[in-house]
Amino acid sequence: MIINPQIFNNKIIIGSLAVALIVIGALGYTSYYNAKESNAFLEQEKHLVQSELSEMISSYNAIDVSNESIGKQLEQTKYKIIKILDSVKQIDLNFSEISKYKAQIKVLKKENLLLLSMVDSLESENAELKLVTDSIVANLDETKGVANTLQTKNKTLSKRNINLKEDLEIAKQFKITNIVAEGVKRVSSSNKVIDTKRASRTNQFQVCFTLLKNELLAKGDKSLYIQVLDSKMNVIADKGTVNFGNTSLIYSDVETVAYNNKDLEVCALIEKGSETLVKGMYFISIFHQGNKLGRTTIELK
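No experiment lies behind these values; they were computed from the predicted model shown.

Participant: Tell me about the overall build of the protein, and please be specific about residues and values.
Facilitator: Each helix and strand counted, the protein has four helices and 11 strands in total. Looking at the protein residue by residue over its 301 residues, the buried ones come to 29%. Excluding contacts between residues fewer than 6 apart, the proportion of contacts in the protein whose partners are at least 24 apart in sequence is 65%. Split by element, the accessible area of the protein, about 20300 Å² in all, is 53% carbon and sulfur.

Now the structure itself:
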């Protein structure tokens, strides 16, 4: 039997090619299957990362914090999470990116635990402070009752409680009563005041009142400022401006009286000057050291 070498070699080559194609096909299928499984795994991981980030955002939205500093930290951290979530939604699937974001989530979780711990601590402190505040309010009500008793006995307020300072300052203020004001046409030679109710005939305003005694006040000269306003809130007989700390007063007259811790009758005549008075209401107020002691009104026809 004669064997043709060329035919034999061709059979070997064809057989080899067939085997190679089978191997390549098998490898291609395996690669395709592995890639498909890898993509499914990455898709699952991406979904888990998104879920974790969404849950963290929801937990931050549920937190109500009154502390401004911690509130800002919570907002900043929530903003970071939202940016990461937006980035995760847009990334191409690969192990490197997924690993990077999982690492960031781990860091954010630690930060989250720290902030929540601070919030819990603040809530606990606020609860304790509320108990202390309630106790102070109860003590203050009791202390004010004691202070009122001391005032009726004309004794110096006790200094044992710093919260009584404000009450003491109020108690040391002047009190006035019996405020009477009227328009004055003229004063006779015998010092008799001729009053009038007509604006056109009014040349002066007479203001009288009783300055009540107050044993908490020091004796001596006291300056009382009188302000007259027309119906448009313009100051009548403007004598200038006096300052009392952060406040100022435009006044129509100032009366300096010798105060001796007794009831004192005070009367003042205020010249209207060159101003033309019109019909309407006029408002007269008395001040001492920036505090309004009382007010009355008159109507000129």
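Participant: How would you summarise the side chain of Ser285 if you had to cite specific residues and measurements?
Facilitator: By secondary structure assignment, the location of Ser285 is in strand S10 (residues 280–288). Using a relative accessible area of 3% as the deciding quantity, one classes Ser285 as buried.

Participant: Before we move on, can you summarise the pairing of strand S4 (residues 220–229) with the specific residues and values?
Facilitator: Most of S4 is tucked away: seven of the 10 residues are buried. Across seven bridges, S4 lies against strand S8 (residues 253–259) in antiparallel orientation. Bridged to Leu224 within S8 is Glu255. As defined by bridge partners, S4 adjoins S10 across five bridges and the pair is classed as antiparallel. Residue pairing for S10: Leu229 is matched across the bridge by Phe283. Taking the residues between adjacent antiparallel strands as the criterion, S4 and strand S5 (residues 235–236) are bridged by five residues, where Met233 takes a positive phi near 65°.

Participant: Explain the packing of aromatic side chains to me, using residue names and the numbers behind them.
Facilitator: In this description, a pair of aromatic rings is defined by centroid distance and the angle of the planes. The tally for this structure, following the rule as stated, stands at four aromatic pairs. Their ring planes at 80° and their centres at 5.8 Å tell us that Tyr225 and Phe244 sit as a pair that is edge-to-face. Here Tyr225, found in strand S4, pairs with Phe244, found in strand S6 (residues 240–244); they are 19 residues apart in sequence, far enough to count as distant. Pair check on accessibility: Tyr225 and Phe244 agree, each one buried. Judged by centre distance (5.0 Å) and plane angle (70°), the ring pair of Tyr225 and Tyr251 falls under edge-to-face. Pair noted here: Tyr225 is in strand S4 and Tyr251 is in strand S7 (residues 247–251), with a separation of 26 residues, a long-range link.

Participant: So what's going on with the nonpolar core? Which residues, and what values?
Facilitator: If you look at the biggest cluster of nonpolar residues, it comprises 26 residues, and the most contacted ones within it are Phe205, Val207 and Tyr282. Within the residue set of this core, elements represented by two or more residues are strand S1 (176–187), strand S3 (204–211), S4, S8, strand S9 (264–271), S10 and strand S11 (291–300). By residue number, the principal contributor to this core is S3, which donates four residues. Residues within four places of Val207 in sequence aside, it is in contact with Val180, Ala181, Ile226, Val266, Cys267, Ala268, Ile270, Ile284 and Ile286. In this structure, Val49, Leu53, Ile81 and Ile105 belong to the second largest nonpolar core, which totals eight residues.

Participant: Could you give me a rundown of the state of the cysteines, with the residues and numbers involved?
Facilitator: Here the structure, examined in full by the defined rule, presents one disulfide. The disulfide bridge from Cys208 ends at Cys267, spanning 2.0 Å between sulfur atoms. Given an S-S torsion of about 115°, the disulfide between Cys208 and Cys267 has right-handed geometry. Here Cys267 lies in strand S9 and Cys208 lies in strand S3, a separation of 59 residues in the sequence. Using a relative accessible area of 17% as the deciding quantity, one classes Cys208 as buried. Classification of Cys267 by relative accessible area gives partly exposed; the value is 48%.

Participant: Residue-level account of unusual backbone geometry, with values.
Facilitator: Although it is not a glycine, Met233 sits at a positive phi angle of roughly 65°. Examined against the element boundaries, Met233 turns out to sit in the loop between S4 and S5. With a relative accessible area of 48%, Met233 lands in the partly exposed category. You will see that Asn261, though not glycine, has its phi angle at about 60°, which is positive. Relative to the helices and strands, Asn261 resides in the loop between S8 and S9.

Participant: Quick rundown of the sheet that holds S1? Include the residues and the values.
Facilitator: With respect to topology, four strands assemble into an open sheet ordered S2-S1-S3-S9, the strand pairing being antiparallel. Across the chains shown, the open sheet's two edge strands, defined by having one partner strand only, are strand S2 (193–196) and S9. Sheet twist, expressed as the mean angle between neighbouring strand axes with direction ignored, is 40°. By the bridge criterion, eight bridges tie S3 to S9 in an arrangement that is antiparallel.

The rules behind the values
Residues numbered from 1 in each chain as written. Predicted model: local features only at pLDDT ≥ 70, side-chain atom pairs only at ≥ 80, totals over all residues. Heavy atoms only, no water. Helix = DSSP H or I, 4+ residues; strand = E, 2+ residues; numbered from the N terminus. Buried < 20%, exposed > 50% of the residue type's maximum accessible area, 1.4 Å probe, protein only. Contact = heavy atoms within 4.5 Å. Areas by Shrake-Rupley, 256 points an atom, 1.4 Å probe, with all protein chains shown as cover. Pairing = 2+ DSSP bridges. Phe/Tyr/Trp six-rings, centres within 6.5 Å; stacked < 30°, edge-to-face > 60°. Core = buried A, V, L, I, M, F, W, Y, C linked by side-chain atoms within 4.5 Å. Disulfide = S-S within 2.5 Å. Axes fitted to C-alpha atoms, helices over the stretch in contact; angles between N-to-C directions.

Without other data, these values stay purely geometric and don't point to any function.
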